[in-house]
Amino acid sequence: MRTANPSLRRQLLGPLMWVWVAVALIAAWGAYRLAQFAGDTAYDQTLQDETGAIATQVYWTDRGPLLELSIQAQQLLARDSEDRNAFMVIDTMGQILAGTANLPMPEDFKASFEAPQLFDATYLGEPVRGAIYSIRSPMLDQEVSIVVVETRRRRQELEREIQLAVLLPTVA
């Protein structure tokens, strides 16, 4: 009895199918990483910009730091849309000058005097991404830290949209 040899088509397409599957998996992983990088970069930059913008509104008086931020600006910073956002300006004594009390802060934020420092934490039972920026008084021995946090909902939504935009053409 003679065994049937696989057809030429099957012999050629078999290895190609494995190559196609491997390339599709690599593309999926690349899309995931690209989406994560793009989402994190965009939203992290926004957090850093917000801390810097608030820092420009801190004025030093003989009685200490003073935040001159309009009510409308404070409401914009603490907007509650899809993401929960909050900010806080706190001095070295733990006194809240503006914003929401008890926001998470990193334990070591010495580097935040040079540039805003990003951190991950939990706030009200939800994972948040935050930025902290600290400034010193030019003439007084006083410091304040500006903390801005936001939940990760919009960030994750953007990442899913990028992943779909990259993967759908690959799969189709």
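This text goes with the structure placed above it.
Helix and strand counts for the protein chain come out as three helices and seven strands. Order of helices (α) and strands (β) in the protein chain, N terminus to C terminus: α-β-β-α-β-β-β-β-β-α. At a minimum sequence separation of 6, the contacts of the protein chain that also span at least 24 residues come to 54%. Summed over its atoms, the accessible surface of the protein chain is roughly 11,400 Å², and 59% of this surface lies on carbon and sulfur atoms.

Let's shift gears to the pattern of salt bridges. Scanning the model with the defined rule gives nine salt bridges in all. Among the ionic pairs, Arg-136 bridges to Glu-143, the shortest N-O distance being 3.2 Å. Between Glu-150 and Arg-154 there is a salt bridge; the shortest N-O distance is 3.8 Å. By relative accessible area, which is 2% here, Glu-150 ends up buried. If you follow the salt bridges from partner to partner, you end up with Asp-40, Asp-44, Asp-120, Arg-129, Glu-150, Arg-152, Arg-154 and Arg-155 in one network.

With that settled, the discussion passes to the sheet that holds strand E3 (residues 85-91). If you walk across this open sheet you meet the five strands as E4-E3-E7-E6-E5, and the pairing is antiparallel. Both outer strands of the open sheet, strand E4 (96-99) and strand E5 (117-123), are each paired with one neighbouring strand and no more. Taking each pair of neighbouring strands and ignoring which way they run, the sheet shows an average axis angle of 25°. Seen against the sheet, helix H1 (residues 8-55) touches E3, E5, strand E6 (126-136) and strand E7 (143-151) and runs at an angle of roughly 35° to E6.

With that out of the way, let us pick up the packing of aromatic side chains. Taken as a whole and assessed by the stated rule, the structure comprises zero aromatic pairs. A cation over a ring is seen here: Arg-136 above Phe-113, with NZ or CZ 3.8 Å from the ring centre.

Here we come to the side chain of Thr-51. Residue placement: Thr-51 occurs in helix H1. Each residue touching Thr-51, except ones within four places of it in the same chain, is listed here: Pro-116, Ala-131, Ile-132, Tyr-133, Ile-146 and Val-148.

What follows concerns the environment of Leu-97. Relative to the assigned elements, Leu-97 resides in strand E4. With a relative accessible area of 28%, Leu-97 lands in the partly exposed category. Spatially, the C-alpha atoms of Leu-97 and Ser-145 are 9.9 Å apart, while their sequence positions differ by 48 residues. Apart from the residues lying within four places of it in its own chain, the contact partners of Leu-97 are Pro-65, Val-89 and Val-144.

Quick look at the pairing of strand E2 (residues 64-67) now. Relative to E2, strand E1 (residues 58-61) is paired through four bridges, and the arrangement is antiparallel. Looking at the pairing, Thr-61 lines up with Gly-64 of E2. Where E1 folds back onto E2 in an antiparallel hairpin, the turn is made up of two residues.

Rules behind the numbers
- Residues numbered from 1 in each chain as written.
- Predicted model: local features only at pLDDT ≥ 70, side-chain atom pairs only at ≥ 80, totals over all residues.
- Heavy atoms only, no water.
- Helix = DSSP H or I, 4+ residues; strand = E, 2+ residues; numbered from the N terminus.
- Contact = heavy atoms within 4.5 Å.
- Areas by Shrake-Rupley, 256 points an atom, 1.4 Å probe, with all protein chains shown as cover.
- Salt bridge = Lys/Arg side-chain N within 4 Å of Asp/Glu carboxyl O.
- Buried < 20%, exposed > 50% of the residue type's maximum accessible area, 1.4 Å probe, protein only.
- Pairing = 2+ DSSP bridges.
- Axes fitted to C-alpha atoms, helices over the stretch in contact; angles between N-to-C directions.
- Phe/Tyr/Trp six-rings, centres within 6.5 Å; stacked < 30°, edge-to-face > 60°.
- Lys NZ or Arg CZ within 6 Å of the ring centre and 35° of its normal.

Honestly, it's all geometry; don't read function into it.
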